[in-house]
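# Overview (structure and organization)
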Number of protein chains: 2
Amino acid sequence: MTPLYSRPLDLEQGRIELSHGAGGRAMAQLVAELFAAEFDNEFLAQGDDGARLPRCDGRLVMATDAHVVTPLFFPGGDIGCLAVHGTINDVAVMGAEPLYLAASFVLEEGLPLRELAAIVRSMGTAARAAGVTIVTGDTKVVERGKADGVFITTTGVGMLRDGIEVGGANARAGDAVLLSGPLGDHGIAILAARHQLGFESSVQSDTAALHGLVANLLRAAPATRVLRDPTRGGAAATLNEIARQSRVGIVLDEAAIAVRTEVAAACELLGLDPLDLANEGRLIVICPAQQAQAALAALRAHPLGREAALIGEVIADERCFVQLRTRLGGRRLIDWLAAEALPRIC
Amino acid sequence: MTPLYSRPLDLEQGRIELSHGAGGRAMAQLVAELFAAEFDNEFLAQGDDGARLPRCDGRLVMATDAHVVTPLFFPGGDIGCLAVHGTINDVAVMGAEPLYLAASFVLEEGLPLRELAAIVRSMGTAARAAGVTIVTGDTKVVERGKADGVFITTTGVGMLRDGIEVGGANARAGDAVLLSGPLGDHGIAILAARHQLGFESSVQSDTAALHGLVANLLRAAPATRVLRDPTRGGAAATLNEIARQSRVGIVLDEAAIAVRTEVAAACELLGLDPLDLANEGRLIVICPAQQAQAALAALRAHPLGREAALIGEVIADERCFVQLRTRLGGRRLIDWLAAEALPRIC
C-alpha cells in the first residue's frame, strides 16, 4: 500500500486549509494523525462512517450540545474539555451513565494546527478521565471569516438504570433544593479571558464532568426528582425552567447560596447577578425533603460537591415564581432574563 | 403561570438575535415555537437537557455529521433535509436501522427567521418521511460575521440486527461492486446554485434517505460486505478508502457507471471528473459475486435504486489501486484527490 501523504502534519506551524475538510487525502491525514491518534479507541479505528457499538440492554438517553465559546482557551479550561464535560453533564442530569460521545468539528480556514491539537488533546484527556469514549466524529472546514476558529458539537449516549426517574417536571411542593458548589465561576472566568473585567482575576472555570457526583447522589438519594446543571442563563434560568415544567414555585435562601468573594466583587462592579451567570460544573438537585440530608452528605463526599448546600425548597405556586429570601429578610423575585449579557459563554 | 413572551415569533420579518442563544426566554420561545412545534414528538416534549428513549436491546450504531453547505437552499434540497439525510445515511451504511436524531444548530446573528423556519420545516418533513425522530437538540447563536447563516450537526443512533456485518474493511477479491444510480448530481446542483456553472442547469441534488434502499438490499443479499454513500470526495475517495481499509484493489467499468448527460457536460466544461463529485443519495455496495444479481434486483426494485448497476469488481492488489477500464479499452488509475475543487458541498 503506498503511503497516503508524503510528510506528517506540521502541528507546530501548520494551519487548517479548506482541503482538510474536503473528503480527500488531506482530511484523512488530519483524522488519522490528530483525531484518531488522540482519541484512540477500537470504534474510531473501524474507520467507517459511524461507530458499531456493543449491545446495550436498557433505556437510552441522548443529548447534544454545540460549543461556540470565545475565547477558545480560558482560565480553567478550553472549548475542548468544555465540549466533553458539557454533553457528559447533559446525559448525567438525565440520571443516566454517559457511555459514548460523537464529536463534530466546524473549523475555520487558517486555524493554527497547534491550537486545534491542544483542543483535541484536552478533549481526549477529559474523555479518558471521565471514562467516556469518543466513538465517531466529523470534520468540516469553512472559509476564513465564515466561522470563528472552531465550533464543536458533541452528542452523548448513556444508559438509564431502571428505577431512576429524574426530569424537570418531577418537582413537588415540599421538596428540597440543593446546589453542589459556588455559582458563577465559569461566567467570570470567561469575562476575565475576554479582558472585560477591567481587573486581574484568579477565578477559574468550574468546568467538570458531573456524572461521578450524580452517581454518588443517586445511590444515596434514589428518589431524586430533578437534576440540572445551570449553564447558559445560570441558576435563575434553570430554576425558572424547572418551576414551569413542574408547575410549582421555588424559594431560595440567599444566605445559603455560595458565591466566591472574587465572583461577588466582579458581579457588583459589572452589575451582574451571580444567579444569572453560567456554570459548567455545578449541579442543582431537587429531592424529597426526607432524602435531603442523605443527598447533601453524598454530594459533600465527592470532590466536586464539597461546598454543597441546601439552598431552598419547592412550594405550591400556580404562578411558578422563583423567589429569593434575602439576607435582610425580604423576598425578591428571581426573573428569567429575556437575554443574557454574555453571549458565547459555552 | 404567566406567559413567557408577549407576542409570537415573527417568522416572516424577524431575524435571529444573540438573545436567541442565551438560555433565556428568547431562546425558550424559539425552541417552543419553531423547533419543538415542527419536530413535535414525546421526547422533545419532555423539555429536559436530553431525551429519555425507550429500551433498546441490541447493538447500537452512532454517527455524526456537521453540515455547512453553501448556499443554504439549492435545486432539490436545502441544508435542513441534507442534514437529516446525511446522518440517516451514515447510520444506514453501517447496516443499521436509523431510529433517533439529535440536531444542533449554530446560527449567525441576523439570519432571517423565514429562512430558518423553512430549513427546520424541511428537516421535520425529511425526518417524518424517513420514520426517524429528532429527539433532542441545541441552539447557539454567534455574532454577525462569525458563522455563515446556519451550521447544523446531526447525530444519529440506530440498531444493528444480528447477522449483519458490513464494514469498509470487509471487501474481498472476487466481490462485486454495485452503484445505486448516476453520479455527481449533488455536486453539480450545488455548483449551479452558486452560479459557477456559467449556464442554466436543471440538475437536482440527489439528496435522499437511503435506509429503505439498504433494508431492501440486506434482505436480498444478507452477506453484503461493504456499504458506503459516496459524499465528499465522491466515488473516487470512497472506493480508495474501502480499498485501503480492506487491502484490496478495485476495477471499475467506465461504461457501467451512469452519469446524467447534463452532469457529464458540466464536468467536461469545468474539467471535473464525475467520480470526484459529491452525492447525497447514492449507495455503493460490495457483496459476494454470487449475491450480486439478487442485490441488483433488490436495488432496482426500490425507487432510489432504479438505475442501479454492477460497476466493477474487487481484485487482489497489495497496492490498493482503484482502476477504471475505460470505454476505449484502456485502464486508468482513479486517484484519491488531496483536496477537492468544491468546498462546503455538504
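On a predicted model such as this, the values are computed, not experimentally measured, just so you know. (Residues numbered from 1 in each chain as written. Chains lettered and ligands numbered in written order. Predicted model: local features only at pLDDT ≥ 70, side-chain atom pairs only at ≥ 80, totals over all residues. Heavy atoms only, no water.)

## Some thoughts on the overall build of chain A
Cut-off, in case you're wondering: Note on conventions: DSSP H or I runs of at least 4 residues are helices, E runs of at least 2 residues are strands, and numbering of each starts at the N terminus. We compute the radius of gyration from the C-alpha atoms alone; for a globule the expected value is 2.2 Å times N to the 0.38, where N is the number of residues. Relative accessibility thresholds used throughout: buried, under 20% of the residue-type maximum; exposed, over 50%; partly exposed, between the two (1.4 Å probe, protein chains only). By the convention used here, residues are in contact when the closest approach between their heavy atoms is within 4.5 Å. Each accessible area value is a Shrake-Rupley result obtained with a 1.4 Å probe; residue values ignore everything except the protein chains displayed when judging cover. His is not counted, nor are the chain ends; Lys and Arg add positive charge and Asp and Glu add negative charge. Charged groups are reduced to one reference atom each: NZ for lysine, CZ for arginine, CG for aspartic acid, CD for glutamic acid.
When helices and strands are counted, chain A shows 9 helices and 13 strands. Computed over the C-alpha atoms, the radius of gyration of chain A is 21 Å, within 12% of the 20 Å expected from 2.2 N^0.38 for a compact globule of 346 residues. For the C-alpha atoms alone, the extent of chain A along its principal axes is close to 75 × 50 × 35 Å. Looking at chain A as a whole, 62% of its 346 residues are labelled buried. Once local pairs closer than 6 in sequence are excluded, the contacts in chain A between residues at least 24 apart make up 83%. When the accessible surface of chain A is split by element, carbon and sulfur atoms take 50% of a total near 12400 Å². In chain A, 31 side chains carry a positive charge and 41 a negative one; their mean positions are 3 Å apart.

## Structural notes on helix H6 (residues 211–220) of chain B
Residues and elements named next belong to chain B. Which entries qualify depends on this criterion: Note: the arc covers the axis-to-C-beta directions of the helix.
Listed as buried for H6 are His211, Leu213, Val214, Leu217 and Leu218. Angular distribution of buried residues about the axis of H6 spans 150 degrees; they occupy a single face of the element. Considering only its buried residues, H6 is in contact with helix H3 (79–92), strand S4 (97–108), helix H4 (113–130), strand S8 (226–228), strand S10 (284–287) and helix H9 (292–300).

## Here's the deal with the domain arrangement of chain A
Residue and element names in this part refer to chain A. For clarity, the threshold we go by: These domain limits were set by an automatic method or by a database of domain assignments. What counts as buried area is the accessible surface, traced by a 1.4 Å probe, that two parts surrender upon association, with contributions from both included.
According to the domain assignment, chain A contains domain 1 (18–160) and domain 2 (176–333). Relative to domain 2, the C-alpha centre of domain 1 lies at a distance of 28 Å. With 20 residues of domain 1 at the interface, the matching set in domain 2 holds 20 residues. With both chains or domains summed, domain 1 and domain 2 bury close to 1600 Å², and 64% of this area falls on carbon and sulfur atoms.

## What about helix H1 (residues 25–39) of chain A?
All names here are of chain A. Let me state the cut-off plainly: What a helix should span is 1.5 Å times the count of its residues minus one. Two axes are fitted around each residue, one to the seven residues ending there and one to the seven starting there, and the angle between them is reported as the bend at that residue.
Here H1 spans 20 Å end to end across 15 residues, near enough to the 21 Å set by a 1.5 Å rise per residue. Of all the bends in H1, the greatest measures close to 35 degrees and is centred on Val31. Buried within H1 are the following residues: Ala26, Met27, Gln29, Leu30, Leu34, Phe35, Glu38 and Phe39. Where H1 is buried, its residues contact helix H2 (42–45), strand S4 (97–108), helix H4 (113–130) and strand S5 (133–142).

## Side note on a nonpolar patch on the surface
Stated precisely, the cut-off is as follows: Residues with no salt bridge and a relative accessible area higher than 30% make up the patches, which join like charges within 9 Å and nonpolar side chains (Val, Leu, Ile, Met, Phe, Trp, Tyr) within 5 Å. Definition used for salt bridges: Asp or Glu carboxyl oxygen within 4 Å of a side-chain nitrogen of Lys or Arg.
A cluster of nonpolar side chains, namely A:Phe199, A:Leu269 and A:Leu270, defines an oily patch on the protein surface of about 270 Å² accessible area. In this structure, A:Leu269 sits in helix H8 (residues 261–270).

## A few points about the interface of chain A and chain B
This is how the line gets drawn: Polar contacts, as counted here, are pairs of nitrogen or oxygen atoms within 3.5 Å of one another; within protein the pair requires one atom able to donate a hydrogen and one able to accept it, and residues that are adjacent in sequence qualify only if both atoms are side-chain atoms. Under the scheme applied here, ten amino acids are nonpolar (Ala, Val, Leu, Ile, Met, Phe, Trp, Tyr, Cys and Pro), four are charged (Asp, Glu, Lys and Arg), and all others, including Gly, are polar. Any two strands are treated as partners once DSSP identifies two or more bridges connecting them.
With 89 residues of chain A in contact, the opposing surface of chain B contributes 89 residues. Interface area, chain A with chain B, both sides summed: about 7100 Å², of which 56% is carbon and sulfur. The tally of links from chain A across to chain B stands at 14 salt bridges. Of the charged contacts in the structure, one is a salt bridge between A:Arg232 and B:Asp138, with a shortest N-O distance of 2.8 Å. Inspection of the chain A/chain B interface yields 39 residue pairs in polar contact (both at pLDDT 80 or more). For the side of chain A that touches chain B, the secondary structure elements donating two or more residues are H1, strand S1 (51–67), S4, S5, strand S6 (150–160) and helix H7 (234–246) of chain A. Of the residues forming the side of chain A that touches chain B, the biggest block, 16 residues, is contributed by S1(A). Tallied by class, the residues present in the side of chain A that touches chain B amount to 42 nonpolar, 22 polar and 25 charged. Summarising the sheet, S1(A) and strand S1 (residues 51–67) of chain B pair through 9 bridges and their orientation is antiparallel. The residue of S1(B) that forms the bridge with A:Arg55 is B:Arg59.

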